[in-house]
Every structure is written in structure tokens, then in C-alpha cells.
Amino acid sequence: MQRPRLALSFPRFCVRRRISALANGRPSSLEILGERYPTDEVTNITPAILAKLPLRLHTRPAHPLNTLRTLIESHFPDFTPLSSLSPLVTPFKNFDELSFPPDHPGRAVTDSYYINKNLMLRTHTSAHEVEVFRRGADKWLLTADVYRRDEIDGSHYPVFHQMEGARIFAADAAGMRAVEEDNARLRARLAEANIEIEDVPHVSGTNPAQATHDPVHAELVAQNLKLSLNGLMLTLFGGAGASREAPLRVRWIEAYFPFTTPSFEVEVFFRGKWLEILGSGVVRQATLDTANVSNKIGWAFGLGLERIAMILYSIPDIRLFWSTDERFLSQFTDKKITTFQPYSKYPSCFKDVSFWTAQDIALHENDFCDVVRDVAGDLVEDVLKIDSFVHPKTSRTSLCYRINYRSMDRSLSNEEANEIQAQVVDRLKQQFGVEIR
Ligand code: DAH
């Protein structure tokens, strides 16, 4: 990307840390989790995001994300739990090693956070698959914070938590016997449960098995994946199990992921709605080959913890997970899922900003949202683009965004919101050369 969008994105670092800055205002290096890294023209990580890296909510006692992690870990008691891998990965590890094509949109600087062109914040826990398989783990669960540039609303946050699970078997007769035994055990358990499963064929024309796999092996492994995850859905959403009146409905849908085939998504019918819960599939052999375990065959899944926790705890806004307010934190105890009691809803304060974008500096919606997050932090509830047009004569683009400021913890005064809005406007002018209308 040629745009000089980072020109002024680090003024606070320069002042506070007195590190040498390049001519355009970007610091020449950044300290992240105790190490210093050089920046370059793709650097787009903001101070607001950097501040999240050490927090590791999924390991905080009594935090809903930690409780959900431990619940899933106890559902898979013989899987090795991992939860302390660094969020800094190479794009190679995040994408290439997992067979993502070179033009995959996730690689764009508008979608992901880069420290420099060789180092980024992982966008998913799958980034660690090769490394964990290479260590020799056959069944494992990995929980971590992941980062994606995104819009702002009640269910999107640029940092969230995922859990990756995987299991591999020896790709020989003995390995397949183990799969069959496990499948029989899991099937017997599900037969006793109050669950209704809508399935798709494990393999189809649009969701093929891998050419290098024995089709019988691939089928057994896909069955093991589905049986294992149906059991997990019962643990998470089955309530009191058999005493639940209506059966838990789970459906399997064909999906596509670059690093699995066949691939599936799982949806659960919960409180009147179908909810997307996870992505999964039979691991591409290329991944296992890279990890030096080419004699294995197996499955993997990835799920978003916030999404599930919001449902199970009735947490209405994703920002709440980051709250340090005692009225939030004191509601939870370890190992127990309880219903969140909203303590109050403070009034919204809407502020609009209309501007002409600069002709030569691209302003992606995610750039706009990162400016807002960096200035306003969690005081912003959502951002909505309410108008966009191109002037027919000058070809200039005009945008109007409505920012909804609302604190989760207190009443925000109009003056305070005006002050924050003024800072947002300043940053937009400095960083993106916009002209306020
Ligand atoms: N990494 C995927 C995502 O973030 C989720 C996923 C899909 C993980 C399929 C997997 C998998 O392990 O097999 O959307």
C-alpha cells in the first residue's frame, strides 16, 4: 500500500518514549511485550491495540472467557491445553503455511494489524497449527487473543479470543481402528442425549476429500470430528442434558477454509435462532507435512469465545469483556456460567462527522474505526456510515459517519463527547488529510 496513512499515527509514542522517529512521524521501532521491533511502511498497529496485548483475558480468574475456556478444556480432558503463545507471528505462519492464496483479502493492511511487513498480530489461532503439530501434540486445545481490523458495533471488537482444537491419528490400520473405537464410544454417548443433528455428507462434489487420503480414512476422521463437536455443543448449549424439554438442534453446513477439506461450519439453534458457532474440517495434508507429521491424518476446529460467552452469559455488548468495573467483574465466579445482570444503561451521545476525503490518501472504513478507537477507546459503542457520495463534477468523495458515544460505566457529558469528537476530527485531518464539511 502506497498511502502515507501512518504518517502521524504514533505521535504519543514519540513524545512518551522519546524514541527516534522517522521523518514522517512514525517511530523507527516499537516495544512490544518487552522486545523492540522495527517499523516500516506497512506498520498500522495503534497504541490502543498495543495496550491490549498483555491483558490476556482468557487467563484471568473468574473472567467469563476464562471460564468458557476451562469448560471446553474439561470437555476434552485428554487434550493438551495451551494458552500462552505470543500474538506476534509472521504473515507466513498466519497465512502461507496454511495454504492461504497470495491474494487472500485477510492479508490486506486494511484487514490485519502489521508491526512491519514480516511481523503481524495473528488473525486466528490456526496460525499455530503447524508449530503445535510439529511439537508432537496429537490432541490439543489452544486459546489465544486474535486481532482483526473491523467496524465498531456491539459484536465486533478488534481483539477477540479464539480456541483452536485439533486431533490427529496415525494414518494406518491401527490409527483407523482407534478412530473407529472412539467413534463408537462418542456415538453411544450421543444416542443417549437429547440432541437432533442435521448433517450433510462428510464429502461431496463441492467439499471433497483430499486426493492423498484414503477415502475410508478421510470419512472416519470426518465422522470423528463431527461426533466430537456434537458432544461439545451438548456441553455448551445442552443445558441440563436429558431433562431439557426440546432437543438441542445442531446443524452441519458445508464450508470452505484454505487449510481444511472437507470443511464444515456448525450452527446451533438456541433461544429461537440459528447461531454460527465454529469452523472445522479435515486438516490439509500440506499442513501436516510442513509440521513433519505426514504419517498422520486429522481434524481441527476454531471457535470464537466472545460470541459463545455473549450467548451463554447474556452479555449484550462485546466491550464489556474488557471492563474493569467491579459491577461487571464481581458478577462472575470461576467454573460457573451465570446470567449477566446489566447494572445500568447510560445515555447515548451521537456525534456526526462529515468530510471530503483527500484525493491521494485512501481512507478505509477500518482506518476510520481505528482512529475512533484509538482516541475514544471503549467510550464508543458503534460507528455507522450514514452517507457517502461522489461529487459529479470534482469526483471528490464525501463521507458522513455517526459515532455513538456511550460509556458502559458512567454518564458521559456532552462536553466530554465534544472534546473526544474534536480529537477524532483532528486525527482525521492530520492522518488522512480530510476536509471537514
Ligand atoms: N481459523 C478459522 C477462522 O478464524 C476458523 C477455523 C476453521 C479453524 C476451520 C479451524 C478449521 O481449525 O479447521 O475463521
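Cut-offs applied
- Residues numbered from 1 in each chain as written.
- Predicted model: local features only at pLDDT ≥ 70, side-chain atom pairs only at ≥ 80, totals over all residues.
- Heavy atoms only, no water.
- UniProt positions renumbered as here; feature names shortened; annotations may be inferred.
- Core = buried A, V, L, I, M, F, W, Y, C linked by side-chain atoms within 4.5 Å.
- Buried < 20%, exposed > 50% of the residue type's maximum accessible area, 1.4 Å probe, protein only.
- Helix = DSSP H or I, 4+ residues; strand = E, 2+ residues; numbered from the N terminus.
- Contact = heavy atoms within 4.5 Å.
- Pairing = 2+ DSSP bridges.
- Near = heavy atom within 4 Å.
- Polar contact = N/O pair within 3.5 Å; in protein donor to acceptor, adjacent residues only side chain to side chain.
- Areas by Shrake-Rupley, 256 points an atom, 1.4 Å probe, with all protein chains shown as cover.
- Domains from an automatic or database assignment.
- Buried area = accessible area lost by both parts, 1.4 Å probe.
- Salt bridge = Lys/Arg side-chain N within 4 Å of Asp/Glu carboxyl O.
- Nonpolar A, V, L, I, M, F, W, Y, C, P; charged D, E, K, R; others polar.

The name given to the protein chain in an unreviewed UniProt entry is Phenylalanine--tRNA ligase, mitochondrial, and the organism recorded there is Mycena metata. What the UniProt record of the protein chain gives under Subcellular location (unreviewed entry) is the line "Mitochondrion matrix". The record in UniProt for the protein chain states the following under Sequence similarities (unreviewed entry): "Belongs to the class-II aminoacyl-tRNA synthetase family."

Peer 1: Hey, could you go over the nonpolar core for me, with residue numbers and the actual values?
Peer 2: In terms of nonpolar packing, the biggest core is built from 71 residues, with Met233 and Phe237 touching the most fellow members. The greatest single-element share of this core, amounting to 11 residues, is contributed by helix H7 (residues 215–237). Here Met233 is in contact with Gly238, Leu248, Val250, Val266, Val268, Ile277 and Leu278, once residues within four sequence places are set aside. Counting residues in hydrophobic clusters, the runner-up holds 27 residues, among them Val353, Cys369, Val371 and Val425.

Peer 1: If you had to explain the UniProt feature "domain: FDX-ACB" (unreviewed entry) in the protein chain to someone new, which residues and values would you point to?
Peer 2: Listed under "domain: FDX-ACB" (unreviewed entry) in the UniProt record, and renumbered for this structure, are residues 344–437. Counted over residues 344–437, helix gives 33% and strand 32%. Its end C-alpha atoms are 36 Å apart.

Peer 1: Can you lay out unusual backbone geometry for me, pointing to particular residues and giving the numbers?
Peer 2: Following Thr261, the chain continues to Pro262 via a peptide bond in cis, the omega torsion being -5°. With respect to the element layout, Pro262 can be found in strand S11 (residues 260–270). The phi torsion at Arg56 lies on the positive side, around 45°, for a residue other than glycine. The residue Arg56 is located in the loop between helix H2 (47–50) and helix H3 (64–75) in this model. In this structure Arg56 comes out as partly exposed when scored by relative accessible area, which is 25%. At Ser395, a position not held by glycine, the phi torsion is positive, near 60°.

Peer 1: If you had to explain the pairing of S11 to someone new, which residues and values would you point to?
Peer 2: Counted residue by residue, S11 has 9 buried out of 11 residues, so it is predominantly covered. With 8 bridges connecting them, strand S10 (residues 248–257) and S11 associate as antiparallel partners. When the sheet's bridge partners are listed, Arg251 is paired in S11 with Glu267. Taking the residues between adjacent antiparallel strands as the criterion, S10 and S11 are bridged by 2 residues. Here 9 bridges tie S11 to strand S12 (residues 273–283), and the two strands are oriented antiparallel to one another. Pairing of Thr260 across the sheet is with Val283, part of S12.

Peer 1: Give me the lowdown on the site of the ligand, citing residues and values where you can.
Peer 2: Near the ligand, the surroundings consist of 15 residues, among which His124, Ser126, Arg148, Gln162 and Glu164 are the closest. Here an oxygen atom of the ligand sits 2.9 Å away from a polar atom, N or O, in the side chain of Arg148. In this structure, an oxygen atom belonging to the ligand sits 3.0 Å away from a main-chain N or O atom of Ala300. Burial of the ligand by the protein chains amounts to 88% of its free accessible area of 360 Å². Broken down by secondary-structure element, the contributors of at least two residues to the shell around the ligand are strand S8 (159–170), S12 and strand S13 (296–304).

Peer 1: Residue-level account of the domain arrangement of the protein chain, with values.
Peer 2: Its domain assignment divides the protein chain into domain 1 (12–329) and domain 2 (349–436). For domain 1 versus domain 2, the distance between C-alpha centres works out to 32 Å. Taken residue by residue, the interface counts 24 residues in domain 1 and 17 residues in domain 2. When domain 1 packs against domain 2, the two sides together hide about 1,800 Å² of surface, and 45% of this comes from carbon and sulfur. Looking at the side of domain 1 facing domain 2, the largest losses of area belong to Arg149, Ile152 and Arg319, adding up to 43% of the total buried there. One can count 3 salt bridges joining domain 1 with domain 2. Glu381 is paired through a salt bridge with Arg319; the nearest N and O atoms lie 3.0 Å apart. There are 14 residue pairs in polar contact (both at pLDDT 80 or more) connecting domain 1 and domain 2. For the side of domain 1 that touches domain 2, the class distribution of residues is 8 nonpolar, 5 polar and 11 charged.

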